[in-house]
Structure formats: C-alpha cells, structure tokens
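Topology and contacts: notes
What follows is each chain in one-letter form.
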Amino acid sequence: MGGVIPVAGKFTIEVASVKKSAACGGEQSVLDAFLREDIWVPHSCTQGTCGSCKIKVLGGTVDHRSSPLYTLSQEERDDSVALACQCAPVSDLTVEPINSFACDDRIPRHTLADYAGVIVGLEDIASSVRRLTVKLDAAMAFNPGQYVEITVPGLGVRRQYSISSNASDPSTLAMDVKYTAGGAASEWLFARASVGEEVAITGPYGRFGLHAAQDEEVIMLAGGTGLAPMKSIITSVLAGGLAPKVYLYHGDREVLDLYDFEYFRDLESADGRFVFRPAVSRGVQSDGWEGRIGRVTDLVAEDFASCKGMSALVCGSPGFVDSAAKSLKRRRMAPRLIIREEFTHAVPEPADQLLN
Amino acid sequence: MSTTTVSTWIDSITVEELEKDPNPIYERLRKEAAPVVFLPAIGLHVATTAEACREIASNSELWYGFISPAGGRTFGHGAILNENGPLHEDLREMVEPSLKPSVVDQYVEDLVRPIARKFLAEFENDGHADLVAQYAEQVSVRSLGDLLGLNSVSSDKLREWFHKLSVSFTNAAMTEDGEFANPEGFTPGDEARAEIRSIVDPLIDNWIVNPDHSMLSHWLHDGMPAGQTRDREYIYPTLYVDLLGAMQEPGHAIASTVAGLWSRPEQFERVIDDPSLIRRAIQESVRWTSPIWSATTRQAQQATTVQGVDLPEGTVVMMSYGSANRDENVYNAPSEYDLDRRPAPHLAFGAGKHGCAGTYFATEVIRIGLEELFEAIPNLERDEDHEIDFWGWGFRGPKELHAKWEV
C-alpha cells in the first residue's frame, strides 16, 4: 500500500472475492462499514456471540476490541480470523468471509443505514412487554425476521430488537420489548419514554426469516418476545404463499405474559393454513386459561410423531432455542432446516429465565 | 546400524498385538526407537514419525513404490502400488481421469446421495443399527461399485470380497527365515480373487466390444489405439487394490468419524447442527484413526539416511501413516479426537507419486454419507450397551458401531 496516506482513523476495507470496498473509521465495526456500502457479509447477532460473521484478514491488521474469547479463540486470532461485527481496522484491510456467501443466497439484501425516528406508539401488551412503534424519516426496506438497533436517548447505548410489524410498511416499525430490571433500555422505555420523542435507529440486521417459497410445512417456536419476528414473518409467509402450513407455538410462564393472543386466534379462524398453539409453563386454571400448560418445546414433541420433511423457525433465549432444537431433532427434523435466532442479553440472563 | 541394534521389546512385538491396538506400541516406538526401525515380526522396517514418513513418501526417485510380501501374494505383482516409472505413470493415467476433483464434482452427488438414502430407508425407523455393517460399508462399496461398473454385483458380495482380500493382505507375519508364518491365511484372498475373476471376466468381455461410461470400461479403452484394449491381466492387480482399499476405507472413515465425534458429545452436536463442519470432522477423523494405518511400503533404490538412520540399498519400509498422524511433535494430545484442533497437514492419504489417487472421491463419499446420516437421524446416539471395538493395524476402523435413536 505504498504511496497511500490514509486519512487518520479512516481506512479502506475490501472483500477480496467480490472486489468491493468500503471506508471504515472511528468506532465503526468492519461489518457495519460493509453493510452500509451494500456489501453483504454473512452475520446474525452482531453482538460477538454467534460467530457467523467471522472473516479471514488476508491483508492488514485489525483491533479485535471486545471480541469474546469463547467466540473467537486465540488460535483463530493467531490465524488472522476476526469477528466482523466487533473488530475495527487499524490499517487498510483485505478480508474474506469464512462462512460462504452461498449459505445466504436466498436472502434479499438491504443496505444498512441510520434513521431518525419519532415514537408514535407505546402500548403495554403483556404484563412486562411494551410495544414501541416508531415512525422513520425514510422507508427502511427489511426482510421479515430482521432486527434493528436502537440508540437509547440520553445514554447512547445501543440495543437490538426484532421488528414485529409488516415489511409492507417499511417506514413504521414496531418492536416488542420485555422489561429487564436494571436494563438501560428498559428503564428508559418503561419509565421515561414518551410519544413524540425522537429516537435514532440503525438497521436492518440479521438473516432470520423465511425468504423463499418452500414445500415444507413450518413449525415456529417462540419463547416470550421471540414472538416479535414471527409475527412479521407469518404475515409475509401467508400473503406470499411461501409455505403450505404454519404452526405457531408461543410459550411463556404466565397467562399474563402472553400477547397478541386475539390477533393470532383470529388469524387462525380466518386462514386454514395457520395453526396457533399458545401455552404457559406455570399457568393455573383460575386465570381462566383453558389452553395448554407446559413448555412449548416439550409440547411440540408431543404433537408431532415425526417432523421429517418439515422445517422450523425458532426464536427466544439461548436456553429456549437449544431445547427447541433438541425436541425437533428428537422428532427427526433435519438440523439444517431448523433456523434459529437467539436473544442476546445486555445484562446476564438469570438462570430461572433460561426456559420461557 | 538400525538393523542390528534392535532392543528386545521390539523383537517381541507380534502382529496380533499390533492388530488389536498399534497405538501404544507405536507411541513407545516414537519415543524410544529410531524413526525408521526394523520390526522382526514382519521382517521389514517401519517408519513411525511424520517427518520420516513424509521424507520417504515424497522422494519417489529414491524410494520406489513396493508391495509387502503379503500384499504381493494377495494381489499378484504389477499393481499400481508397486509399479514405478513409465508403467506406474500409465496406471495412474488409467485410473485418474474419473477421480479428478472437477470430474468427481460432476457425478458424485447424483451417485452417492441416492445410495445413502436407500440404505438409510432400510433401517431409519428401527431405532437402532450397526452403522458399520448396515450403513458405512454399504454406502462405501455401492458408490464405488456402481462407479466401476459392478452394478450387478451385490453390496454384500463386494463387502465379502474386501473383507477376504483384507485378511490376506494384512497376513503380514513372517518367520525368521523370511517365510510366511501363516500361509493358510491367504486362502480367503485366493477364494475372493477366483470369484472376482469369474464375475468380472464376462463383464470385461462385454466392455471390450460395448464400451460404456463405467470406470472399468474406461480403464480398458482410454488412451489405447482404436480397436485395442488394455490386457485384463494388466488391469487386475490394480482392480484388486481398488476392491480392497478403495472399497473398505471410506466405510472405515465414516464409522471412525462418528466414533470420534461420540468421544466429544458437544462437538458431535455442533456437527449435527451445522453440516458445513462435516469436512473438518472427516479430516480430523482420518488423522485420529487413519483407515490405511500401515499398509503401503517403499523400497530404497540406493543406500540412504532418513532422519539420521542409515538404510542400505533395497531396504523396504512400511509406511505407518497412522503413527505419523499421532506424532507428538506435530499434534497436541494426538490420541484425542478434536474437531477444533488447529488444522495441520496429515498423511492419511499418503504423499508423493504414490499418494492416494482417490483422495477426493473418497472424501466426497464420506461427506455425503455423513450428511445424509445426520440429516435423516439427527437424534442419533451411541448405544452404550456395545463397546466400540477398533481393530486392525494394516487397515483400521471400528468393527461394529452400534447406534440408537428415538423413533
């Protein structure tokens, strides 16, 4: 790179195989810079926990910053592997994603960008779930199942939330937020936030969802607010006829934790392709609950003698996703057809919340 | 010096002990003996370290392909393993066209996937299976059998042939006088060879006049002047090599990969969840338990020194790749299966001019076999009621591999 004098803190980063480059500097991660230039790099959590955005640094040097050792081992660092979502360049870079582009081939791609939003709705939809609706200054095209990053006003910290609203209205986004005691975003959203307040949003991120028509029936398993991306996905799957049948399992602990119950009940009555199976793990009959009691990750194994030839979408806490995948594999669903999205937590998850 | 200074414990090693488990014996050889050392039980030298094996295998000017006495007795002479120079080149040119990666890519999915699915369909609803006999060996022999043009030969017959040829090929024990210690051990191989001829001769008669796309038809016709075919006597020794090693070893590797992953349940789960890890799981498996553990030999064309060991002209060295692949100087904790091991080159497919011609084909058969197995039975578990009994020194893998799953 002789002769090139880089502007301080601003480097040119390139994906070798597609010969496309982006500028990256300041606090920006390598992934962020690529997605903003519409250069796709496979990724999922953007929190450094899933490892799906690993890149090989073919030329140049990166600062791994907060890349955790359990996602990116010392051997991998020695071998010039980095997490695109965490690392920043300290020189010009040439990189190549480790996960092939092919695995994301059916996913439509949307450019990452910053949006100025205004809160147009704050609605308590379950005992500790608040739906935040934001009107954006411009349409943000996204795939149902993708998520955005919200900058908490006044604090500058960023939190990730799946979009629960329809992709057909890309300028108004709804996000379902579970209250976390002591969480920066929760303390703002449940106490101080108000309609009319401005909020900065960056997105879209992620590859969760059902992106092309398939012959397989779909089982969706949602733990708690894992329901949010499912709602957006179900709308597009039914409208687009992407799957012959959709079974939605929504599980939480108490009846009061469930939400959008009426919405999905009505949808089930209106559309023969959709089956709704909510359940509570600690429900008691005195609540007036006539539905099922138990963990949905167990109930799905009771309901299906075999899941061969079906696919699944699973979203919830890491513990929920793990036990859902185990149940589906017990019923012999092909693991590659179990698409998973785990919540990542800004604060450690209490052990008793691991399941539902 | 190496042939005269053997210590007593090496004198007392028997082929039987090696076949039961060569690993502790070779671990001691690597630690205490020269990297190329005379093993009286087989009347040959063995190369035990990665450096010694690589040095010998990659110098094909000095080290010619050779066949062990038991191997020569089993296959007849003139096989691809022990020809050198122009004859070897002609044999490689005969076998290589359909094994080139770019060519394999064109047919291997359509060849192997239906075979794997057919065998899975036979037992996937049983809830239990011996994966060696019911799956790994079946997929291995049917894939290569159909590729060769032996579609009319049943999978169980192909399995019987490689088992019989293997027994003879590894009947390596020699007396002090240089005679075979167990001459009756060649009877199974002789029987298999006679049966192979009785079945394959008529097929060859047909291919001579009606060439088709089968590999054996290509062996007969490729590169020959119009109206001429290669002599079948020229082809047979190399066909026997295929009917043993190429038939048996992908099956060994499928079973060893599953057994290796079962020793690391967390890694097993990861591979089930992410089929893209299967290729890596296979590479670690063939390092950990090399299917062709100690079966090929080289002969020094002149006096030489390997890793400090002086060897006279004519020295025959058995390449113990299974030992080289557990060399403590190359791998940390080499006796453990570890998917996350930093990838390092291994010698499971040999090296140099006599390196395995079917490396890519075999690896693809193993990959597709495992992909289909894990896709069809993602709840596969080890059946703890059965031990996993690895066996063999020349060729090594689990004799049986019992799995169970919920149906």
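Residues numbered from 1 in each chain as written. Chains lettered and ligands numbered in written order. Predicted model: local features only at pLDDT ≥ 70, side-chain atom pairs only at ≥ 80, totals over all residues. Heavy atoms only, no water.

Scanning chain B for helices and strands turns up 16 helices and twelve strands. Over its C-alpha atoms chain B spans a radius of gyration of 21 Å, differing by no more than 12% from the 22 Å that the globule rule assigns to 407 residues. Within the span of chain B, comprising 407 residues, buried residues form 57% of the whole. Residue pairs in contact within chain B that sit at least 24 positions apart in sequence constitute 71% of those at least 6 positions apart. As displayed, chain B offers around 16,600 Å² of accessible surface, 51% of which is attributable to carbon and sulfur atoms. Positive and negative side-chain charges in chain B, numbering 34 and 65 respectively, have mean positions lying 2 Å apart. (Helix = DSSP H or I, 4+ residues; strand = E, 2+ residues; numbered from the N terminus. Rg over C-alpha atoms; globule rule 2.2 N^0.38 Å. Buried < 20%, exposed > 50% of the residue type's maximum accessible area, 1.4 Å probe, protein only. Contact = heavy atoms within 4.5 Å. Areas by Shrake-Rupley, 256 points an atom, 1.4 Å probe, with all protein chains shown as cover. Lys, Arg positive; Asp, Glu negative; His and termini not counted. Charge placed at Lys NZ, Arg CZ, Asp CG, Glu CD.)

Residue and element names in this part refer to chain B. Helix H10 (residues 187–209) packs onto helix H9 (residues 155–169) with a crossing angle of 140° between their chain directions and a minimal axis gap of 7 Å. Viewed along their axes, H9 and H10 adopt a mutual orientation that is oblique. Our pair here, H9 against H10, has a crossing hand that is left-handed. Contact residues: H9 offers Lys157, Glu160, Trp161, Lys164, Leu165, Val167 and Ser168, while H10 offers Pro188, Gly189, Glu191, Ala192, Glu195, Ile196 and Ile199. Within the contact of H9 with H10, the residues separate by chemical class into seven nonpolar, two polar and five charged. (Axes fitted to C-alpha atoms, helices over the stretch in contact; angles between N-to-C directions. Parallel < 35°, antiparallel > 145°, perpendicular 65-115°, else oblique. Left-handed = near helix turned anticlockwise from the far one by under 90°. Nonpolar A, V, L, I, M, F, W, Y, C, P; charged D, E, K, R; others polar.)

This next bit is on H9(B). Residue and element names in this part refer to chain B. Compared with an ideal rise of 1.5 Å per residue, which puts 15 residues at 21 Å, H9 spans 21 Å between its outermost C-alpha atoms and is within 8% of the ideal. Of all the positions in H9, only Ser155, Leu158, Arg159, Trp161, Phe162, Lys164, Leu165, Ser166, Ser168 and Phe169 are classed as buried. Looking at the packing, one finds that the buried side of H9 touches helix H5 (69–75), helix H7 (101–123), helix H8 (131–148), H10 and helix H12 (232–262). (Expected span 1.5 Å × (residues − 1).)

Overall, the coordinates contain 58 salt bridges over all chains when judged by the stated rule. In this structure, Arg340(A) engages Asp273(B) in a salt bridge whose closest nitrogen and oxygen atoms are separated by 3.1 Å. Taken together, the residues span two chains, with Arg340(A) in strand S19 (residues 338–342) and Asp273(B) in helix H13 (residues 265–273). Residue class for Arg340(A) comes out partly exposed when judged on its relative accessible area of 25%. Each of Glu109(B), Arg113(B), Arg117(B), Arg279(B), Glu364(B), Arg367(B), Glu371(B) and Glu372(B) takes part in one network of salt bridges that share partners. (Salt bridge = Lys/Arg side-chain N within 4 Å of Asp/Glu carboxyl O.)

Turning to the packing of aromatic side chains, a few remarks are in order. In this structure the tally under the stated criterion is 21 aromatic pairs over all chains. Each member of the aromatic cluster is reached from another via a ring pair, and the members are Phe261(A), Tyr263(A), Phe264(A), Phe274(A), Phe276(A) and Trp289(A). Directly above the ring of Trp9(B) sits Arg28(B), whose terminal nitrogen or CZ lies 3.9 Å from the centroid. Between the NZ or CZ atom of Lys118(B) and the centre of the ring of Phe119(B), over which it lies, the distance is 4.2 Å. (Phe/Tyr/Trp six-rings, centres within 6.5 Å; stacked < 30°, edge-to-face > 60°. Lys NZ or Arg CZ within 6 Å of the ring centre and 35° of its normal.)

All right, on to the nonpolar core then. Leu131(B), Leu148(B), Leu243(B), Phe361(B), Leu373(B), Phe374(B) and Leu380(B) are the most contacted members of the largest nonpolar core, which totals 88 residues. For this core, the element with the highest residue contribution is H12(B), accounting for 15 residues. Ignoring any residue separated from it by four or fewer positions in sequence, one finds Phe374(B) in contact with Pro335(A), Val258(B), Leu261(B), Phe268(B), Val271(B), Ile272(B), Ile278(B) and Leu380(B). Ile13(A), Leu35(A), Val62(A) and Cys85(A) belong to the second largest nonpolar core, which has 28 residues in total. (Core = buried A, V, L, I, M, F, W, Y, C linked by side-chain atoms within 4.5 Å.)

With that out of the way, let us pick up the sheet that holds S19(A). Residue and element names in this part refer to chain A. Across the sheet, which stays open at both edges, the six strands sit in the order S17-S16-S15-S14-S18-S19 with parallel pairing between neighbours. On the outer flanks of this sheet lie strand S17 (292–293) and S19, each paired with one strand and no other. Of the strand pairs in this sheet, strand S18 (residues 310–316) and S19 are connected by five bridges, and their pairing is parallel. Looking at S19, one finds that cysteine 315 is bridged to glutamate 341. Lying on the sheet, helix H6 (residues 296–303) is in contact with strand S14 (217–223), strand S15 (246–252), strand S16 (274–280) and S17; it crosses S15 at an angle near 145°. (Pairing = 2+ DSSP bridges.)

This part takes up the sheet that holds strand S9 (residues 381–382) of chain B. Residues and elements named next belong to chain B. Read across the sheet, three strands follow the order S4-S12-S9 without closing on themselves; strand pairing throughout is antiparallel. Each edge of the open sheet carries a strand with a single partner, namely strand S4 (128–130) and S9. Of the pairings in the sheet, the one linking S9 to strand S12 (residues 402–404) comprises two bridges and is antiparallel in character. Among the inter-strand pairings, arginine 382 is bridged to a residue of S12, identified as alanine 403. Set on the sheet, H8 makes contact with S4 and S12; between it and S4 the angle comes to about 65°.

Residue and element names in this part refer to chain A. Under the defined criterion, the tally for this structure stands at zero disulfides over all chains. Free cysteine: cysteine 45, not disulfide-bonded; nearest cysteine sulfur from cysteine 50 at 3.8 Å. What makes cysteine 45 buried here is its relative accessible area of 12%. (Disulfide = S-S within 2.5 Å.)

Another aspect to go through is the packing of H9(B) against H12(B). Residues and elements named next belong to chain B. Close contact between H9 and H12 brings their axes to 9 Å; oriented N to C, the two are set at 105°. By the angle between their axes, H9 is roughly perpendicular relative to H12. Taken together, the residues of H12 that come into contact with H9 (itself represented by Leu158, Trp161, Phe162, Leu165, Ser166 and Phe169) are Tyr240, Leu243, Leu244, Met247 and Gln248.

Residue and element names in this part refer to chain B. Checked against the element boundaries, leucine 91 lands in helix H6 (residues 85–95). Between the alpha carbons of leucine 91 and arginine 28 there is a distance of 38 Å; along the sequence they are 63 residues apart. When sequence neighbours within four positions are dropped, the list of residues in contact with leucine 91 reads Gly78, Ala79, Ile80, Glu83, Tyr234 and Thr238.

With that out of the way, let us pick up the interface of chain A and chain B. For an interface, size is often stated in terms of accessible area lost upon the parts coming together. Listed per partner, the contact involves twelve residues of chain A and 16 residues of chain B. Interface area, chain A with chain B, both sides summed: about 1,200 Å², of which 39% is carbon and sulfur. On the chain A side of the contact with chain B, Lys329(A), Arg332(A) and Pro335(A) bury the most area, a combined 47% of that side's loss. At the junction of chain A and chain B, the tally comes to nine salt bridges. For Arg332(A), the salt bridge is made with Glu124(B), and the minimal N-O distance between the two is 2.7 Å. (Buried area = accessible area lost by both parts, 1.4 Å probe.)

A few words on a negative patch on the surface. Residues and elements named next belong to chain B. A contiguous patch of negative charge on the surface is contributed by Asp11, Glu176, Asp177 and Glu179. Mapped onto the elements, glutamate 179 comes out in the loop between H9 and H10. Of the residues examined, glutamate 179 reaches a relative accessible area of 51% and is grouped as exposed. (Patch = residues over 30% accessible without salt bridge, like charges linked within 9 Å, V, L, I, M, F, W, Y side chains within 5 Å.)

Taken over all residues, the pLDDT of chain A has a mean of 90, while the share at 70 or more is 92%. Low pLDDT, under 50, characterises residues 347–356 of chain A; the stretch is placed with 21 contacts to residues that sit more than four places away or in other chains. (pLDDT = per-residue confidence, 0-100.)

Another aspect to go through is unusual backbone geometry. Residues and elements named next belong to chain A. With omega at -5°, the peptide bond leading from glycine 203 into proline 204 counts as cis. For proline 204, the location among the structural elements is in strand S13 (residues 198–205). The phi torsion at lysine 19 lies on the positive side, around 50°, for a residue other than glycine. Tracing the sequence through the fold places lysine 19 in the loop between strand S1 (10–15) and strand S2 (20–25).

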